[in-house]
Amino acid sequence: MKKLCFVLLLMISGLIVSGCQSDSGGGEGSSDGKVEFEFWAAPNPTQEAFWEDMAQQYMEEEDGVSINVTPMPESPSSEAGIQSAIAAGNAPAISENISRGFAAQLAASSAIVPFNEFEGYEKLIQERQMEETMSSWTFTDDQQFVLPVYSNPMLFAWRTDILAELGFDEAPRTYDEVLKAGEKLKEKYPEKFLWSRADLVKPTWHARWFDFFMLYNAASDGNNFVEDNKLVADNEAAVETFKFFSQMAEGDMLLTREATDPFESGDSIMMDIGPWTFSYWDEKFPEMVEGETYELTMPPVPSEEGTENPKTFADTKGLSIYASATKEQQQAAFDFVNWVFSKPENDLEWFEKTNLPPARDDLATNDAFTEFLEENSELKKYADNIPNAVPPIASEKTAEVQELIGTEGLNPVVKGEKDAEQAWEDVRNAIDGVLE
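Residues numbered from 1 in each chain as written. Predicted model: local features only at pLDDT ≥ 70, side-chain atom pairs only at ≥ 80, totals over all residues. Heavy atoms only, no water.

Enquirer: It is not clear to me how the overall build of the protein chain should be interpreted in this structure. Could you clarify?
Expert: Scanning the protein chain from terminus to terminus reveals 18 helices and 15 strands. For the C-alpha atoms alone, the extent of the protein chain along its principal axes is close to 75 × 50 × 35 Å. Within the protein chain, buried positions represent 56% of all 436 residues. Residue pairs in contact within the protein chain that sit at least 24 positions apart in sequence constitute 75% of those at least 6 positions apart. (Helix = DSSP H or I, 4+ residues; strand = E, 2+ residues; numbered from the N terminus. Buried < 20%, exposed > 50% of the residue type's maximum accessible area, 1.4 Å probe, protein only. Contact = heavy atoms within 4.5 Å.)

Structure below.
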């Protein structure tokens, strides 16, 4: 039923897009020579505040434009809110909070338009210093349907204070080093665990971003997973990834039941972590100090040869421009975005307000961000690794694909029901069936 409803939504949105564009799409259209359009911000107060500020500054410079910034509907999810708005003909001209996978769904129904068709797109990418970041965002036929706003290279945090008790001078970087640390931990503290993650035994599709894909991207050196609606995954890397999970599970190193703050309490010593965690620690766990109680690393890799410049998953979202808006509104929306991202100081304001690293290759080297990163050293490693972070797969069937990685592979591997080779074979066959 859920799939049928989505198909109907896509059909309706396709009819809306293919029909004549009305002034209701994206805003109020034009009146007295002024272009008015709707901008939907992510349902996050800090992000909404940023875009309201940017819109106000832009309108002071461009009096022929009126931008109405509002938070997007988020019930039952922001994606569902956007799909409903498209079907009803009430989509904005532009919105943020679009993942690469969701953009693929919208592009398949012609609900969004490519950024690369706007004059000035290439200059924008160059001025914002994001050529390397954008290289992994391209869609089929070299189209670019979403412009990333931020990119979180997902890292691992390690309790280095506990590792020191176990005789380790630094955080592990390879699978063997991780497993040795886990063995030492279980010998000294049988009640503790290497990694606490209840999602490892759940089929939740988006959970795979923060377990399977972090490790797969590192093991495969960022190899694509799905391309042109075909599974192109690195078989060896996928098996290695499942085998690593299996070895941790067999050693009783994984806590897969729900737990409250296990890393902070020392019940586990390894945690997948994004930069949003630090404000929580500042408030609840001030004893969590980088260089004293924890260290941040990129994901571990199968062997020493992959440790020099490993890849990881990018928790990242961006902007899309909607086809239901008038051409005038689409152009005005692009011009606004172009203005925002042509100035590093605007990215700095974003970083300061949200703690979400702007999707720039030069974030760690541009003088505009030096002082902020010195004052917030825990964000430096995120800035360093933006070019090494791989965005979600570009497939309109992202949710189905990632759910199968869990149900056919990761979940049974962690439960000891399948070995790595069988799990990957089952995952491949299941995904091939979905992508046919």
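And the narrative resumes.
Enquirer: When you look at the packing of helix H17 (residues 398-414) against helix H18 (residues 420-435) in this model, what are you seeing that I'm missing?
Expert: As a packed pair, H17 and H18 sit with axes 9 Å apart at the nearest point and diverge in direction by 165 degrees. With respect to each other, H17 and H18 are oriented roughly antiparallel. H17 and H18 meet at a crossing whose hand is right-handed. Each of Glu 400, Val 401, Leu 404, Ile 405, Glu 408, Gly 409 and Val 413 in H17 lies in contact with H18, whose residues at this interface are Ala 423, Asp 426, Val 427, Ala 430, Ile 431, Val 434 and Leu 435. (Axes fitted to C-alpha atoms, helices over the stretch in contact; angles between N-to-C directions. Parallel < 35°, antiparallel > 145°, perpendicular 65-115°, else oblique. Left-handed = near helix turned anticlockwise from the far one by under 90°.)

Enquirer: Can you help me understand the side chain of Ser 151 in this one?
Expert: Assignment of secondary structure puts Ser 151 in strand S6 (residues 147-153). In this structure Ser 151 touches Ala 314, Asp 315, Thr 316, Pro 357, Pro 358, Ala 359, Ile 386 and Ala 389, once residues within four positions along its chain are discounted.

Enquirer: Looking at this structure, I do not really get the confidence of the model for the protein chain. What am I missing?
Expert: Regions with low pLDDT carry predicted coordinates that are not meant to be interpreted in detail. Looking at the protein chain as a whole, its pLDDT mean stands at 91, while 92% of the residues score no less than 70. Confidence over residues 1-24 falls short of pLDDT 50; this stretch has 31 contacts with residues more than four positions distant or in other chains. (pLDDT = per-residue confidence, 0-100.)

Enquirer: Explain a negative patch on the surface to me, please; I cannot follow it from the model alone.
Expert: Negative charge collects at one region of the surface, where Asp 141, Asp 142, Glu 227 and Asp 228 lie side by side. By the secondary structure assignment, Asp 141 is in the loop between helix H6 (131-134) and S6. Among the residues examined, Asp 141 registers a relative accessible area of 67% and is labelled exposed. (Patch = residues over 30% accessible without salt bridge, like charges linked within 9 Å, V, L, I, M, F, W, Y side chains within 5 Å. Areas by Shrake-Rupley, 256 points an atom, 1.4 Å probe, with all protein chains shown as cover. Salt bridge = Lys/Arg side-chain N within 4 Å of Asp/Glu carboxyl O. Lys, Arg positive; Asp, Glu negative; His and termini not counted. Charge placed at Lys NZ, Arg CZ, Asp CG, Glu CD.)

Enquirer: Just checking my understanding: could you explain the nonpolar core for this structure?
Expert: In terms of nonpolar packing, the biggest core is built from 59 residues, with Trp 51, Leu 147 and Phe 336 touching the most fellow members. Element by element, the count of residues in this core is highest for helix H13 (residues 327-341), at 8 residues. For Trp 51, the contacting residues outside a window of four places in its chain are Phe 39, Ala 41, Val 69, Glu 96, Val 149, Leu 319, Phe 336, Val 340, Phe 341 and Trp 350. Within the second largest apolar cluster, 52 residues are counted, among which are Phe 210, Val 401, Val 413 and Ala 420. (Core = buried A, V, L, I, M, F, W, Y, C linked by side-chain atoms within 4.5 Å.)

Enquirer: So what exactly am I meant to see when it comes to the pairing of strand S3 (residues 65-71) here?
Expert: Two faces make up the sheet, and in a regular strand the side chains alternate between them. As paired elements, strand S2 (residues 34-41) and S3 share 7 bridges and run parallel to each other. In the sheet register, Ala 41 faces S3, and the bridge partner there is Pro 71. Between the parallel elements S2 and S3, the chain passes through helix H2 (residues 45-61) in a crossover that is right-handed. (Pairing = 2+ DSSP bridges. Right-handed = clockwise from strand over helix to strand, strands pointing away.)

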